[in-house]
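Examination of the molecular architecture
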Amino acid sequence: MAAIDVPLPDSVHVITGPSGDPRTAAPAGAGRWTVPGAEVTARHDPYGALRLVLAAPGPEGLSTVALRWRHHPGGHRPALVLGDAWERSYGELQ
């Protein structure tokens, strides 16, 4: 299996609180997106892996984070990247 370079996402969408309404997070600097009550930070670690830091200090909490890219990671053919959580999700992931 070949590795791909995953760039920072073009947009971030989050769901907070009991309403379940998705909201588009506003860019707040390189690799940082915010909505009222939540913040998502993305950065590459020294090995090139994309790492996310999620913060939702308010009482609503954070239930879903969706990252979106306008192009294919690595500039190659479409890629589907699944982590080990896929096996435990029973196919209920987006």
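Structural data are supplied above this passage.
Residues numbered from 1 in each chain as written. Predicted model: local features only at pLDDT ≥ 70, side-chain atom pairs only at ≥ 80, totals over all residues. Heavy atoms only, no water.

**A few points about the environment of Gly29**
You can see Gly29 is positioned in the loop between strand E3 (26–27) and strand E4 (32–35). On the basis of relative accessible area, Gly29 is assigned to the partly exposed category, the value being 46%. C-alpha separation for the pair Gly29 and Thr41, spaced twelve residues apart in sequence, amounts to 9.5 Å. (Helix = DSSP H or I, 4+ residues; strand = E, 2+ residues; numbered from the N terminus. Buried < 20%, exposed > 50% of the residue type's maximum accessible area, 1.4 Å probe, protein only.)

**Some details on the sheet that holds E4**
The antiparallel open sheet is built from four strands, whose spatial order is E3-E4-E5-E6. Looking along the sheet, the strands with just one partner apiece sit at the ends: E3 and strand E6 (50–55). Sheet topology note: the strand E5 (residues 38–44)/E6 ladder contains six bridges and is antiparallel. Within the sheet, the bridge partner assigned to Ala42 lies in E6 and is Leu52. (Pairing = 2+ DSSP bridges.)

**Observations regarding the pattern of salt bridges**
In this structure the tally under the stated criterion is three salt bridges. Measuring nitrogen to oxygen at the nearest pair gives 3.1 Å for the salt bridge that ties Arg32 to Glu39. In this structure Glu39 comes out as partly exposed when scored by relative accessible area, which is 26%. Arg51 serves as the salt-bridge partner of Asp45, at 2.9 Å between the closest nitrogen and oxygen. (Salt bridge = Lys/Arg side-chain N within 4 Å of Asp/Glu carboxyl O.)

**Focus: the sheet that holds strand E1 (residues 11–16)**
Taken in spatial order, the three strands line up as E2-E1-E7 in an open sheet, and their pairing is antiparallel. Since the sheet does not close on itself, it has two edges, and those belong to strand E2 (22–24) and strand E7 (62–68), each with one partner. Pairwise comparison of adjacent strand axes, ignoring direction, gives a mean angle of 25° for this sheet. The sheet contact formed by E1 and E2 spans three bridges and is antiparallel. Bridged to Ile15 within E2 is Pro22. (Axes fitted to C-alpha atoms, helices over the stretch in contact; angles between N-to-C directions.)

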